[in-house]
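An overview of the molecular structure
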There are 4 protein chains.
Amino acid sequence: MSRTSLLQDLLSSIASRTGFLSDPRSRRLTLAETAKLCHDLVSARGEPSGVRIATQILVSFRQMDEDEADGFFALLADEFGPPAGRLRKAAEAYAATPTAETLSALQHAAEPPRQELFRRLNLAAGGTAELVRLRERLLPRLKRDPARLEAVDEDLRHLFQSWFNRGFLVLKRIDWDTPASVLEKIIRYEAVHTIGNWDELRQRLAPGDRRCFAFFHPSIPDDPLIFVEVALTGETPASITEVLDADRLVRPAAGMTTAVFYSISNCHRGLAGISFGSFLIKQVAEDLKADLPGLKTFVTLSPVPGFQSWLQSLGAKPVPALDAAEAKALAIVAETGWAADPARVEAARPGLLALGARYLLKAKRPDGQPRDPVARFHLGNGALLNRIMHLADPSARGLAQSAGLMVNYLYDLPRLEQHHEAYAAERQVAASRAVTALLSSRFNDNPNREPA
Amino acid sequence: MSRTSLLQDLLSSIASRTGFLSDPRSRRLTLAETAKLCHDLVSARGEPSGVRIATQILVSFRQMDEDEADGFFALLADEFGPPAGRLRKAAEAYAATPTAETLSALQHAAEPPRQELFRRLNLAAGGTAELVRLRERLLPRLKRDPARLEAVDEDLRHLFQSWFNRGFLVLKRIDWDTPASVLEKIIRYEAVHTIGNWDELRQRLAPGDRRCFAFFHPSIPDDPLIFVEVALTGETPASITEVLDADRLVRPAAGMTTAVFYSISNCHRGLAGISFGSFLIKQVAEDLKADLPGLKTFVTLSPVPGFQSWLQSLGAKPVPALDAAEAKALAIVAETGWAADPARVEAARPGLLALGARYLLKAKRPDGQPRDPVARFHLGNGALLNRIMHLADPSARGLAQSAGLMVNYLYDLPRLEQHHEAYAAERQVAASRAVTALLSSRFNDNPNREPA
Amino acid sequence: MSRTSLLQDLLSSIASRTGFLSDPRSRRLTLAETAKLCHDLVSARGEPSGVRIATQILVSFRQMDEDEADGFFALLADEFGPPAGRLRKAAEAYAATPTAETLSALQHAAEPPRQELFRRLNLAAGGTAELVRLRERLLPRLKRDPARLEAVDEDLRHLFQSWFNRGFLVLKRIDWDTPASVLEKIIRYEAVHTIGNWDELRQRLAPGDRRCFAFFHPSIPDDPLIFVEVALTGETPASITEVLDADRLVRPAAGMTTAVFYSISNCHRGLAGISFGSFLIKQVAEDLKADLPGLKTFVTLSPVPGFQSWLQSLGAKPVPALDAAEAKALAIVAETGWAADPARVEAARPGLLALGARYLLKAKRPDGQPRDPVARFHLGNGALLNRIMHLADPSARGLAQSAGLMVNYLYDLPRLEQHHEAYAAERQVAASRAVTALLSSRFNDNPNREPA
Amino acid sequence: MSRTSLLQDLLSSIASRTGFLSDPRSRRLTLAETAKLCHDLVSARGEPSGVRIATQILVSFRQMDEDEADGFFALLADEFGPPAGRLRKAAEAYAATPTAETLSALQHAAEPPRQELFRRLNLAAGGTAELVRLRERLLPRLKRDPARLEAVDEDLRHLFQSWFNRGFLVLKRIDWDTPASVLEKIIRYEAVHTIGNWDELRQRLAPGDRRCFAFFHPSIPDDPLIFVEVALTGETPASITEVLDADRLVRPAAGMTTAVFYSISNCHRGLAGISFGSFLIKQVAEDLKADLPGLKTFVTLSPVPGFQSWLQSLGAKPVPALDAAEAKALAIVAETGWAADPARVEAARPGLLALGARYLLKAKRPDGQPRDPVARFHLGNGALLNRIMHLADPSARGLAQSAGLMVNYLYDLPRLEQHHEAYAAERQVAASRAVTALLSSRFNDNPNREPA
């Protein structure tokens, strides 16, 4: 408790001011001073000073402007890599005579001191969260200068894979009794269906037919890593509008049969590539099932974010030909205002559903996985592509990305492993008959990948 | 909560029975089956099955007898090391052309899949604690077959250094309001001054002038990693008997000036070499200071566990000559029953204290550090050797190991860093004048190491 | 937990709907049915059915419209009073021969069965909160029909005095980590300086120089009874504007010397007359002092809500004559827009302060206590009238009620008892010299009450 | 938290010492001083001093020896009763003209100031628990001097009925994770089947087929009011030995069908006559049912504490004649060592069971309730007398009180109300056919009460 507050206090006092800091602990250090502290931190041994130095470095990093941060990352890249000479010798020795000794020496020489630096920075109270923010500042730089910074990122990712291991994460329910300090982050982090204010947040959390769960790391207790919002319903809803309707009749949770995962948000860019989503959904489904034995169906209500860009790419390609319904749909969704015109909505329906099925089942990446990122995520978890719904997300974003389509991925708990393995091994996409039936007949005999 | 209980339930049901297990999940697997599961676990990708497989492996390991465990560790050593061919090529490539790419390839090839195996075993609820127990079973084997098992241990140590980073540990007070499930472990783990039963435990925890603090890991919430017992007193006590006296007058903590750290116990052999002790004492001292501003002195009451064996080694060596008092003391403590005879106790006092000072200040290991392990620990933390006390631990163990001597190491918070650095850099031992004055004059001019 | 939710669920489901309730437990009962249940509840003995019946009655009461509630309160008044015949006989018996037996019989006969009814209604989960709401609905009726309903209210007050005894209340800090379900009530209940939305709430709770504390009853864990907002400052602020300024420099709490209690709000009309405010301020002051030893001054920043109406009454009375400054001030504050005109503000200052002092020190009720309710509250707690500040609350309400004046009442902890006793026994008002000096000289010699 | 500790600290420091108390707050007061404080406490109004005075009185009471306590209770009886003169006038006024005003005046005059004194004593931190202890010291005196002290006890009972209302009690599970400070009280309070030490306690709490629940009052958080121990079994056990067998096979709770309430203990003599037991069992049964839906049967395993004394009274009475089996059993259980002799055990079985049934079904008190207190408790709760078991408690106490018999009372949740009402209204005892069949035929036609 008190440990967390130290750094937090320092950092928030920095964050909240622009002027002079009377606290001498937080005088801004130069990059050279910070570099010196980093070297001290890695070299010290008994470490009575470790906590203090780590705190100073992280406070200094927080205060750096973008130029200084460039310098700091360059420092991490250039001065904390493996010792080149020693590593080369160790590589030669091992290549010459691979024994337990030469192996061990090679492994030690190959581990960058940067990893130990990061581990020791974690001594500072609140250090884990700061290291996540450090990677958040690294990532845009990584795109600009991958050759230099890739190794730094690799060390951070390696550490985070170990630290944010699912075995260490804590699943917590988020509801209207959750501290406001956490809830304000839910508002901020919601990435799928925006939460405009506290009243809307209350609508998502307080009614008896709503659930929200998040993974937390024990060292970052007031800041979720990922969260999922769930609606408990009597049947699978046909649109997100229906789910978010504030005027719906709220019925007792005990009578509900279906849990709809309608929004999943990762909270920290600094944890990009560290995956917890699959664990979250599975765990939440199991916990809900234990709590509400009446629940029989666990299903997502998901966007199809790559659909529109794929549709647009279709025009450019001769193959495969569109049938009449598809061509018509393609034309309609290119018109403005179609979604508000019932006649055009209905006219587009058959073709758009067929195109949706084709996109999700047939459009593949070179590695054989579906082109759609949301599909990859859920199919990789072992879910089944269960239903495609026309005009299920009429929001501006929903039309722009998904042409209004939404998808139910079904989490059939007893079959998750089987589906997952078929997908992992053979890229086999589990899909319901209702979905495969949407494919125009040309595709039904030919389960192979089309050129995407 | 529910996650922890799953594995715990399985394991405790195994632990509590010897016969038939009706639960099919816990049928005993063969070593070959377990090996297969380990390979599956490392290779699986999306991992809906990761939690289940990890649980099965850990349950299986728990059930293994010693022969089977031999086989399991051999498996870890032989089948989960780095891929020899690929690593050799990567080493050659790097040695030939050290670039970012060849470095990254080398690092990947050098990391044993065993590390990923251990990380994934941690997916199981309660997995962290099981991995600590796994290392506990490994350590005796490591002595017998270091060539084969050293690499396995190194991977576990590497992981534990990262996972049990002080930044992740939680300091908690242990008192009479602590759950019994934790307290029974305090009884079991107390390594310095045995706690015979719950009444004795109550004596250590409940009185207002007692404190006890432990580090916990968030994933092992009911099992401390290390704990320290503290007595709050008006002055530094002259013996452990005085500290543990159940009939003392218990005075209000607010009036006390001195915190005596009289027992520090590591709880898990499986965490040997992963050090938290220095952080614990420093943190506890700071927290006590904040809570009870009247506290001025933070001091240990420590054994001198290597003293007797050093005394015995003296007889065998000609140099340096003992003076008369020392020779007399050496003779007395070799007699049985001396400690119960006031006359002999007093006769031994000057020589024994001189020998104690000499042992602690002059007897060194080849690396220049003191021969006494407790001295190394506290001096390494930046403490100062403050006082040596004659017949301060008259227990059987105290006489057998320390000839009754006990030592106060003083934790002078503002000076810890300075002492630590002098010790780390130059092996300089911080000692009070009272202690150095005990040395017979021959040594006072010569601060150098004597042959130990 | 689960007990609370039962009634809450029922009640909130009622609250959220207007139509048909499928749950048979919550079919609306007639008044006659509810009356029958009340009689059953009082008469039952072993009470396996008590919880159920109590819940039904409270649910029924919640659903009553105003006419039905009239009937229900009439029922409580008429059918649950003491048994007239038996009581009369007991009174006669006691009057004739006062013994322990006749006394006990009289006491039993005098206690209305209504008290037992209320105690048993409390068996329902959430019953305590419902009984508070019941009194909230009673109070407006009490004014209309005191003869009939006074006894009902007396029984509720008697019960609440016992149940909401300070010994049962729990003091909790309210901050930005408090559950949103509690915080939304803080927004709703703030009675002194309105909190417009969640951002303003955050401004009151999150900064390091703010504190908020509330009393809770253990049976109503998510709903505060009373709360106080505190600003930690370097000196006593001169206006509420300064305190609420969102752009102030937030300084560390540890360096602050003054705790300013700038808002105290009672949360439940149903608890009118059950006083906890004096305990709250004293307890909060003591806790803050223990936590932040730098705090030396505990002071309120309070409105003077009766000042304007007293000013207006002055015009109507010949005695005592206003002096020139007072008359001028009286004229100015009757003008619109004066508070925005620096010249008039300054012109009014001396007279208005003199009038303020006169109002607070001289204007009394028939019972000898000050006319101002806020003054009565703080003086009754043992506080001292420390300072009167001109134009310290320029809000519309501040001008309308207090002509912009605000007052510091000083809570000088060691002297609270002494001041309280002088006030309780002799209506002596503790006031600083600065305040008494404001009185125009006519009053200084004459400490007696003026005609109010 | 901190409030509780103040008085607790004072009191425990008193409890742990006999000599001089340096703390001036705890100088022993004379009875006259304490009496003065009591009068002050009742008369004070704004009460900044209430907490302090209440604490002083309670500390003083704790320190009183038995003679002083006699004096204190006399004081409570004599000086804090209703004002005789005023009450007499009020009684006469009401008897003459019973109006709302005379009624209210009468009620006020009839309420002893003692009640307000007790309520204000509760202002002291920890006051509630001290008042319970106060009544504990009162009760033995009450027997000796009922005329004087009955009124004091009545006031305390009246208050406790209100304060310990089931609506305020908190049900908590007691298990091996419960704080030791609570568990030591479970050991101390267990009244039915003694718990010898912490290992035996662990046997009662830790295994997966055991449960224990207690009611707590929020103001006495570390001290249970009443607790019940439960065994989860596959069928109703035939003896307490079987239930307490430490070597039984512990099976998973989820598979169990039966919850056996085998021990219920009230914890505080000071709460005698304030009943929570019926609520406890019913609530625990409902909670267990919700948690473990496999549970179908909720049954006690209860002693028959009045059986032996009733057996002995039989010899003295001619009517009704014993039949041969009964006479034989009566003779056998009068012999020493019969319970260890299988032949005699079997020989006694039919007669003893018949006598048991006769005792439980036919032996009545003048008010028509069963003579057996445990039967009265469970039948009053609406339970059904389900089975009588021969030699089910072979402990010394079991033989001495119950001749080894034990009884299952069945808590059939849907029928509790119906049974309760039949019992409350008509003293009708719900019994299974198995039990009524044990009655010798003479009784079966004649359901009426026999002379007991």
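Residues numbered from 1 in each chain as written. Chains lettered and ligands numbered in written order. Predicted model: local features only at pLDDT ≥ 70, side-chain atom pairs only at ≥ 80, totals over all residues. Heavy atoms only, no water.

The name an unreviewed UniProt entry assigns to chain A is MCD, Malonyl-CoA decarboxylase MCD, from the organism Aureimonas glaciei.

Right, let's talk about the overall build of chain A for a bit. Summing up its helical and strand segments, chain A has 21 helices and seven strands in all. Among the 452 residues that make up chain A, the fraction classed as buried is 55%. Intrachain contacts of chain A at a sequence separation of at least 6 include 74% that bridge at least 24 residues. Counting every atom, chain A has about 18,900 Å² of accessible surface; 55% of that belongs to carbon and sulfur. (Helix = DSSP H or I, 4+ residues; strand = E, 2+ residues; numbered from the N terminus. Buried < 20%, exposed > 50% of the residue type's maximum accessible area, 1.4 Å probe, protein only. Contact = heavy atoms within 4.5 Å. Areas by Shrake-Rupley, 256 points an atom, 1.4 Å probe, with all protein chains shown as cover.)

There are two copies of the chain, and a rotation about an axis plus a shift along that axis relates them. Relative to chain A, chain B is turned by 180° and slid 0.0 Å along the rotation axis, the superposed coordinates differing by an RMSD of 0.1 Å. Classification of the inter-copy transformation places it as that of a two-fold axis. Across chain B, the smallest distance between a C-alpha and the rotation axis is recorded for Ala91 of chain B, namely 2.4 Å. When the interface residues of chain B are mapped onto chain A, 100% of them are again interface residues, pointing to one common binding face. (Least-squares fit on C-alpha atoms with pLDDT ≥ 70 in both.)

Tallying the contact residues gives 13 residues for chain D and twelve residues for chain B. Regarding the contact of chain D and chain B, the summed buried area is about 1,100 Å², with carbon and sulfur atoms giving 54% of it. Of all residues in chain D, Trp176, Ala180 and Trp198 of chain D give up the largest surface area on contact with chain B, accounting jointly for 38% of the area buried on that side. Our enumeration of links across chain D and chain B arrives at two salt bridges. Residue Arg202 of chain B is joined to Glu184 of chain D by a salt bridge in which the shortest nitrogen-to-oxygen separation is 2.8 Å. Summed over the shared surface of chain D and chain B, the result is twelve residue pairs in polar contact (both at pLDDT 80 or more). Those elements that provide at least two residues to the side of chain D that touches chain B are α10 (180–189) and α11 (198–205) of chain D. Of the residues contributing to the side of chain D that touches chain B, the split by class is seven nonpolar, two polar and four charged. (Buried area = accessible area lost by both parts, 1.4 Å probe. Salt bridge = Lys/Arg side-chain N within 4 Å of Asp/Glu carboxyl O. Polar contact = N/O pair within 3.5 Å; in protein donor to acceptor, adjacent residues only side chain to side chain. Nonpolar A, V, L, I, M, F, W, Y, C, P; charged D, E, K, R; others polar.)

All names here are of chain A. Their axes nearest at 7 Å, the elements helix α15 (residues 324–333) and helix α16 (residues 342–362) cross at an angle of 115°. With respect to α16, the element α15 is oriented roughly perpendicular. Here α15 and α16 pass one another in a crossing that is left-handed. Every residue of α16 that contacts α15 at Ala325, Glu326, Lys328, Ala329, Ile332 and Val333 is listed here: Arg344, Ala347, Ala348, Gly351, Leu352, Ala354, Leu355 and Arg358. Broken down by class, the residue content of the contact of α15 with α16 amounts to nine nonpolar, one polar and four charged. (Axes fitted to C-alpha atoms, helices over the stretch in contact; angles between N-to-C directions. Parallel < 35°, antiparallel > 145°, perpendicular 65-115°, else oblique. Left-handed = near helix turned anticlockwise from the far one by under 90°.)

Taking 1.5 Å as the rise per residue, α16 of chain A with 21 residues should run 30 Å; its terminal C-alpha atoms sit 29 Å apart, in good agreement. Largest kink in α16 of chain A: about 45°, centred on Arg349 of chain A, with the proline Pro350 of chain A one to four residues after it. (Expected span 1.5 Å × (residues − 1). Bend = angle between axes of the 7 residues up to and from the residue.)

For these two chains of identical sequence, chain D goes onto chain B by a turn of 180° and a shift of 0.1 Å along the axis, with RMSD 0.1 Å. A shared interface surface links the copies, since 92% of the contact residues of chain D are contact residues in chain B too.

Residues and elements named next belong to chain D. Most of strand β7 (residues 406–410) sits inside the fold, with five of its five residues counted as buried. Of the two faces of β7, both are covered, the one formed by Met406, Asn408 and Leu410 as well as the one formed by Val407 and Tyr409. Note: strand β6 (residues 384–389) against β7, five bridges, orientation antiparallel. Across the sheet, Arg387 pairs through a bridge with Asn408, a residue of β7. (Pairing = 2+ DSSP bridges.)

Right, let's talk about the confidence of the model for chain A for a bit. Where the model shows low pLDDT, its predicted coordinates should not be examined in detail. Model confidence for chain A is summarised by a mean pLDDT of 88, while 89% of its residues fall at 70 or above. Note that residues 445–452 of chain A has pLDDT below 50 and, in this model, 18 contacts with residues that lie over four places away or in other chains. (pLDDT = per-residue confidence, 0-100.)

Moving on, we come to the interface of chain B and chain A. Each side of the interface is counted separately: chain B has 56 residues, and chain A has 56 residues. Of the roughly 4,500 Å² buried where chain B meets chain A, counting both sides, 53% is carbon and sulfur surface. Taken together, the links from chain B to chain A amount to two salt bridges. The residue Arg52 of chain A makes a salt bridge to Glu417 of chain B at a minimum N-O spacing of 2.6 Å. Put simply, chain B and chain A have 16 residue pairs in polar contact (both at pLDDT 80 or more) between them.

With a phi angle near 45°, Leu391 of chain C is a residue other than glycine that sits in the positive phi range. Of note, Leu391 of chain C is situated in the loop between β6 (384–389) and α18 (396–402).

The next point concerns a negative patch on the surface. On the surface, a cluster of negative charge is made up of Glu235, Glu242, Asp245 and Asp247 of chain A. One can find Glu242 of chain A in helix α12 (residues 240–244). (Patch = residues over 30% accessible without salt bridge, like charges linked within 9 Å, V, L, I, M, F, W, Y side chains within 5 Å. Lys, Arg positive; Asp, Glu negative; His and termini not counted. Charge placed at Lys NZ, Arg CZ, Asp CG, Glu CD.)

Right, let's talk about the pattern of salt bridges for a bit. Residue and element names in this part refer to chain C. One pass over the full model with this rule turns up 120 salt bridges over all chains. Between Arg141 and Asp70 there is a salt bridge; the shortest N-O distance is 2.5 Å. Taken as a pair, Arg141 in helix α8 (residues 127–144) and Asp70 in helix α4 (residues 66–79) lie far apart in primary sequence, 71 residues in all. Residue classification places Asp70 among the partly exposed residues on the basis of a relative accessible area of 35%. Between Asp155 and Arg114 there is a salt bridge, with the nearest N and O atoms lying 2.7 Å from each other. Of this pair, Asp155 sits in helix α9 (residues 146–163) while Arg114 sits in helix α7 (residues 113–121), and the two are 41 residues apart along the sequence. Each member of the pair, Asp155 as well as Arg114, is classed as buried.

Residue and element names in this part refer to chain B. Along the chain, the position of Asp209 falls in the loop between α11 (198–205) and β2 (210–216). Taking the C-alpha atoms as reference points, Asp209 and Ser239, separated by 30 residues in sequence, lie 17 Å from one another. Every residue in contact with Asp209, bar those within four places of it in the chain, is listed here: Val230, Ala231, Leu232, Arg248, Val250 and Arg251.

Time to look at the UniProt feature "domain: Malonyl-CoA decarboxylase N-terminal" (unreviewed entry) in chain A. UniProt's entry tags residues 80–164 of chain A with the feature "domain: Malonyl-CoA decarboxylase N-terminal" (unreviewed entry), counted in the numbering of this structure. Summarising residues 80–164 of chain A: 81% helix, 0% strand, and an end-to-end C-alpha distance of 23 Å. (UniProt positions renumbered as here; feature names shortened; annotations may be inferred.)

Here we come to the environment of Glu235 of chain D. Residue and element names in this part refer to chain D. Examined against the element boundaries, Glu235 turns out to sit in the loop between β3 (226–233) and α12 (240–244). For Glu235, a relative accessible area of 59% translates into the label exposed. Between the alpha carbons of Glu235 and Ala403 there is a distance of 24 Å; along the sequence they are 168 residues apart. Contacts of Glu235, omitting those with residues within four sequence positions, involve Thr257 and Thr258.

Moving on to the state of the cysteines. Residue and element names in this part refer to chain B. Enumeration over the complete set of coordinates arrives at zero disulfides over all chains. Unpaired in this structure, Cys212 has its nearest cysteine sulfur neighbour in Cys267, at a distance of 9.2 Å. Judged by its relative accessible area of 0%, Cys212 falls in the buried class. (Disulfide = S-S within 2.5 Å.)

Attention now goes to the packing of α4 of chain C against α8 of chain C. For any two helices packed against each other, one specifies the inter-axial angle together with the distance between the axes. All names here are of chain C. At a minimum axis separation of 11 Å, α4 and α8 run at an interaxial angle of 80°. Between α4 and α8, the interaxial angle falls into the category roughly perpendicular. When α4 is examined against α8, the residues Glu66, Ala69, Asp70, Phe72 and Phe73 are found in contact with a partner set consisting of Leu134, Arg137, Leu138, Arg141 and Arg144. A class-by-class count of the residues in the contact of α4 with α8 yields five nonpolar, no polar and five charged.

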